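So the chains spell out like this:
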Amino acid sequence: MKKIKTGPTIDVFGEFSAKVANSPDEIMILTASQQINYRQMCQEVVTLAASLQRQVAGEKARILLYLPHSYKIIVSVLAVLKLGYSYVPVRHGATAADIAKIAAACQTKFVITAEEDDPRLAGLAQIVLDQSPMMLVPADAADHHLYQPDEELYVLFTSGSTGVPKGCAVSAGNVSYILHNLKTIAQYEPDDVVCFSTPYTFDVAVSEIYAFTLDPKILVYDSSEYAEFKRFPDVAYANHVTHMAVSPSSLLNMIKVYREEQLRRLFAHMKCMMVAGEAFKPELAKAWNRNDWDFRLINLYGPTEATVYATAYELVKGNDYGTNIPIGQPLAGCHYQIEHPNASGVGELVLSGQGIAHGYLNNQAENKKRFRDVAGVRSFRTGDLVSQENSQIIFHGRNDQQVQINGIRVELGEIESRISEDQEITDAVVFSDGATISAVVTAANQALDVPALQKRLISRMPRYMIPSDIRVLAQLPLNASNKVDRKQLKQLFQPAAATNAATPAATDQSTEILVGLMQRVLASKTKQQFDAQTDFFRAGADSLDTIGLLTEIETTFGVAISVDQVYQLRTAEKLIRQIQRESNSTAPNAGTELARGVTSNNDQAIASLSKQVGAFLFAPNELVKQATYEALYLQRFYYDKFAKNTLPFVFKANDNASVAAIEQAIRQLMQENTLLYAKIVKRHGKLLFEDYAVPADLKIPVIRVQGDAPRFNDFVIANYEDELFYARYHQGFLAVWMILVYDTHTDVVGLFDHTVADAPSLTAIRDRLSLLLSPGDHPLVAVPPYQDYCALIRQNNTDPDATLNNWYMQALKNCAVAHHEAVLADLGGIDSCLVEKDFTFVDSVDATIQTAYLVGQRLLPLLDQSAVAVRTIMNIRNLPGFTFNKTVGDLHVSMSFPYYQTDTYAAFKARAQRVLNLFATENFRHSSILEDDAFQNDPDRNQIKAIVSAADLVVVNFLGRVTHQELEAFRRDVVTIQKRLNASDPRVYVTAVENKGMLAIFNNRGLQ
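All figures in this text were calculated on a predicted structure; none of them were measured in a lab. Counting restarts for each chain: residues are numbered from 1 in the order of the written sequence. Residues qualify for local features only when their pLDDT is at least 70, as the model is predicted, and side-chain atom pairs are given and counted only at 80 or more; totals for whole chains, interfaces and linings, by contrast, use all residues. Hydrogens and water molecules were not included; the side-chain quantities draw on all heavy atoms of the structure.

Sorry if this is basic, but what is going on with the pairing of strand β3 (residues 62–66) here?
Note on strand geometry: in a regular strand, side chains alternate between the two faces of the sheet. For the exposure calls, accessible area comes from a 1.4 Å probe over protein chains only, and a residue counts as buried if that area is under 20% of its type's maximum, exposed if over 50%, partly exposed in between. Helix and strand assignments come from DSSP, with helices taken as H or I runs of at least 4 residues and strands as E runs of at least 2, each series counted from the N terminus. With 5 of 5 residues buried, β3 lies mostly within the body of the structure. Residues of β3 alternate between two faces, with R62, L64 and Y66 on one and I63 and L65 on the opposite face, all of them buried. Looking at chain direction, β3 and strand β4 (residues 86–90) are connected through 5 bridges and run parallel. Counterpart to I63 in the pairing with β4 is Y87. One requirement defines pairing of two strands: DSSP has to find at least two bridges between them. Pairing of β3 with strand β5 (residues 110–113), which is carried by 4 bridges, proceeds in the parallel orientation. Opposite L64, over in β5, you have V111 as the bridge partner.

Dropping the structure here:
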C-alpha cells in the first residue's frame, strides 16, 4: 500500500486570520437572530485566547470544551488553535464523573465553559466565556501557532465496549485530509451556507465547524429543542442554507414529519445533503427519487478514527437502489482492504492513509487491537463488514454483533440485512439476549402480519436466525447523535414502569377518530389502547409527534390548531372541542354544552382569569430564588413519564373574609411552605426544585363570577389543570391559586402539581388556611420544608454497600422470582377476579397490609419458592415517628412487604410494620442509590437493581373507602384499568377498596 497525498497541511487559524485581514466585514457566522462578521469573531477569539493563555501559562495542553450548542464553540476552537493547544469537546450536560474521567484521560485540568461555578467542573481550572472585557484586535492578531502534520488538533471521545470512553487523538494532517476532500465532495461556492447543527462531540461536526476554511458561511442552529425544530425550515430558508450533514434517520424524520410546504422551504436553496452516521435507509432514496428535490444526495461513511469520512457514494436520480445503497469508493488519501472475506466476499474493512488518527489516549490494548503500521502506513481495523460489487463498497453491518444461539454463531447485522430484503419492510434492528432473538421493524403498513413475515423469512435464513419476537413501529427513535436509539428500542422487550390509568369516557364519532389519530402517531412508542382521556404526552409523545398529530388533524378535519393547544389540552376529549370550535361544523358534545352553560355570562371574567393565571405561573425573572435542591425518585417518575397528576383544592372562605385578607393568607401559607412557590427543572441530567421567595405584593388571580359555583369551579379546574401541567415542563410554577368571588360567597380554588403535593397535603393546606382566615394574630409557623426532607433522604442513602446489606434488601433477595414472563403466563390472564372479605377498617395502612397478606397467601402456593414480595406505594405522612407530617409535598414511597410460606398474619404484619418504620423513621431509600448517577457503575448498585427487579412481580394498591355506587362503577372500570397497566408493564395487579366493612379486592391474574 502506498501513502497517498491529498495536499499540504491546511493552516486553519491562518485561513481565519487571512479572512480577518482581507475581508473583515464579510459575514462568517449566522444564527437565527444575528450575523457576525470576521472582525467581530476575531475580537472574541483573541479575548478568549488571552484569558486561556494566562490560565495555562505553559507548554502545549489539552483544553476541555464544555459548551451548549452555539457559535461560541467555534470561538473556543479558534482560540485554542491560535495558541497551539488541542481541544476536547465534552457533551454539555455530562455527569461530573464522566467529565472527571475525560479530564484524567487527557491529563488536563483546563476547561472552557459558558457557565461560572458549574459543580460538574469542580476541580478544573475554568476559563469562562464573556467574563473578560472585549479586546480590540491588536496589530499582531494574526500571530498564531503553525501546526505540523502530526501535531494533535483535537481529541474526540467515542463509546467503548467496556463502558469507558475512548479518546481518539486527531492530528492537523488528519483534518487537512478531510478538508481537502470536502472541497471536492461538497463543491462549495463563496455564497454557500453550511448548517452547523451536529453536536460538537461527534466527528461530523468537524466538517461544519471548519467549513469557513473552504469559503461558506456557517449557520449555527440547535434543532434538538422542540421550538427550534419547528422553526428550522423557516430559518434554513431565510438564511439560504445550501449544505447539511445529517444522519439517514434524521433526514427521514424530517421528510416524514414536516409538511410539504415546510420541506419546500427547507430544500429551497439546498445544494447538497451529506448523509452519514449509520446505514443508509432505502426509504430515503425512494423519497428523494419520487420528489422534485434537486439537491445532491451523498452517502458517506467513516469512523471517528479515520477523521470523519473515508468513503463516498453520490446517488443518481431515477436509479432503483433496492435495499443496499453502497458506501462508495475511498476518498483521496484513503486506501482500504477487505480482510478475511467469507465465501460471499464479506470481510472486515481495514482503512489506511492520511485520515487515520494517532490512536486512543492511554489505551495500548485497544491501539494494538485496532491500529497498526505497515511499511510506514497507518491503518485501522474498523470492525465493519463490507463487500465489493462493481467497484463499490457495500456495508453489511458490524463484526462485533456476533452472538451464539444454541452454540451457533449468528451475526445480528446479517439478520437485519435479510429482514430488510422483505418487500414490506423499510428498516430492521435486531437484538439478542444470548438465548433468543428479537427484532424491531418499520413498515409502510402498520397492520403488518408478523407471523406471515416470519414465515417468509424462513426462505431467507435458517430457523434459528428467525426472531421470535418482532415489533412493528412507524419509525425508529433517534438518540442525541440522530442515530437509531438502540437503547430505547431494547426497552420494548423489557417491562416498563407502571402508570396510573384513567377511566375511559364515552366518546362520539369525531372523538373516536381523533383517538385513532393519536394512537397512530404514537404507534412506534406504545402499544397501549387509547381512549378519549388518554394524555398524549403521558403516553410518550414528544415534539416530533406533536407536529405529526397536527398534520393528521389538518388532513382529517380540515382544521389547523396550534402546537400550544395540543400541549395544553393533551387529550382527545379536550382537543376535539377545540377542533369543533375551529371548524364550527360538528355538533358540540355534552362537555362543550357544560362549558358554554357556565361560561356564557362570564366570558370577560374568564379572559381576565386566564391572563392572571398565566402571569402567576410564568412570573418575571426578577423573582428571588431562595433554594435549589434535587428532587426525589417519585418526582423523577412523574416528570420523565409525563404523568399528569394534578390535585384540585376548593375552599369556601369565611363570609367576613375580604379578598385582600384571603390574598394575604395565601401569601403567608406559601411563605410557610416554600414548595408552593417552586419550579422544577432538569439540568445536567438532574431534576431540581427551585423555591422562590414570595413577594409581599404577589397578585393572586381574582375574578367575580355569575352563576352556579360548583359547576364553575369544576370548569376552572378542568380548564387550568392542563396549563399547570404545561408549566411543569416550561419553567412555570407548580401551583396556582384563584379567588372566585360569587354573589353569595367566595371560593378559593387551588391546583397543585403532584410533584409538590399529595392528597394529605391538601388537608394541611385547608387547616392552615382556615386558621389564617379566622380572627386573631397568626404569625408564621415553622413547618419543616420539603427541601429538608429531600436532603435527609439524600444524606441517609449514600452507601451502596450498606444499602445492599440492609436486612430489607436481603429479605427481597429471598423473594426473587425467576422468569417473570413464564410465571405470568402460567398464572393466566383472568380479568379482575374479585375476592371479598369481611374486615374491620382501621386506616389505609392497615387495609394495605391486610390486602398484601391475602395476596401473598394466595399467590405463593402457585410459585415454586418459599417467599414473595408484595409491592405497594404508601403515603408515610401519618406514620408514627415521621417528622414531616405537616410538610406540603408528595410523601409517597414505593416499598415491598415480604411474605413467607410460614407466615401468620401477626408475623406478616410485624414485618410490614418493620418495613414501614425503616422507610418512615430511618429514612431508608434504595431508590436513591439506583437513581444517583454517581453510582452508575458501582457493582453494589447493580446488585441492588437486580434484586429489586427480580422481586417485583405483584403490585397492591388500596384506594380507600367507597360508596356502594362508586364500588359498582369501579367494578365495571377496573378491568380496563388493569389491562392498560399490564400492557405497559406486565405484573400481577391488585386493587382494593373498602365498602361497609367489606374489603373488595380486584386482580388481573385470577387469584381466588
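I tried to follow the pattern of salt bridges on my own but got confused; where do I start?
Side chains bearing opposite charge may pair, as long as their charged atoms lie close to each other. Only one rule defines a salt bridge in this text: a Lys or Arg side-chain nitrogen within 4 Å of an Asp or Glu carboxyl oxygen. What the rule picks out here adds up to 36 salt bridges. Of the charged contacts, one joins D758 and R877 as a salt bridge, the two residues approaching to 2.9 Å between their closest N and O atoms. Placement of the pair is D758 in the loop between β33 (746–753) and α24 (759–772) and R877 in the loop between β35 (867–875) and β36 (892–900), with a sequence separation of 119 residues. On the basis of relative accessible area, D758 is assigned to the buried category, the value being 0%. One connected set of salt bridges, linked through shared partners, spans E630, R636, K686, R794 and E931.

Please explain the packing of aromatic side chains as it appears in this structure.
Aromatic ring pairs are defined here through the distance separating the ring centres and the angle between the ring planes. Note on ring pairs: Phe, Tyr and Trp rings are taken, using the six-membered ring of Trp, and paired if centres are within 6.5 Å. Classes follow the plane angle, with under 30 degrees stacked, over 60 edge-to-face and the rest tilted. Applying the stated criterion across every chain, the model contains 38 aromatic pairs. A centroid spacing of 5.6 Å and a plane angle of 80 degrees characterise the contact between Y692 and F733, whose relative ring orientation is edge-to-face. Here F733 lies in the loop between α23 (709–728) and β32 (735–741) and Y692 lies in strand β30 (residues 686–692), a separation of 41 residues in the sequence. Of the two residues examined, Y692 and F733, each falls in the buried class. Members of the aromatic cluster, connected to one another through ring pairs, are Y629, F689, Y786, Y789, F882 and F884. The rule for a charge over a ring is simple: NZ of Lys or CZ of Arg within 6 Å of the ring centre, and within 35 degrees of the ring normal. Directly above the aromatic system of Y237 lies the positively charged group of R265, at a separation of 4.2 Å from the ring centroid. The ring of W288 has K317 lying over it, and the distance from NZ or CZ to the ring centre is 4.7 Å.

These values are about where atoms sit, not about what they do.
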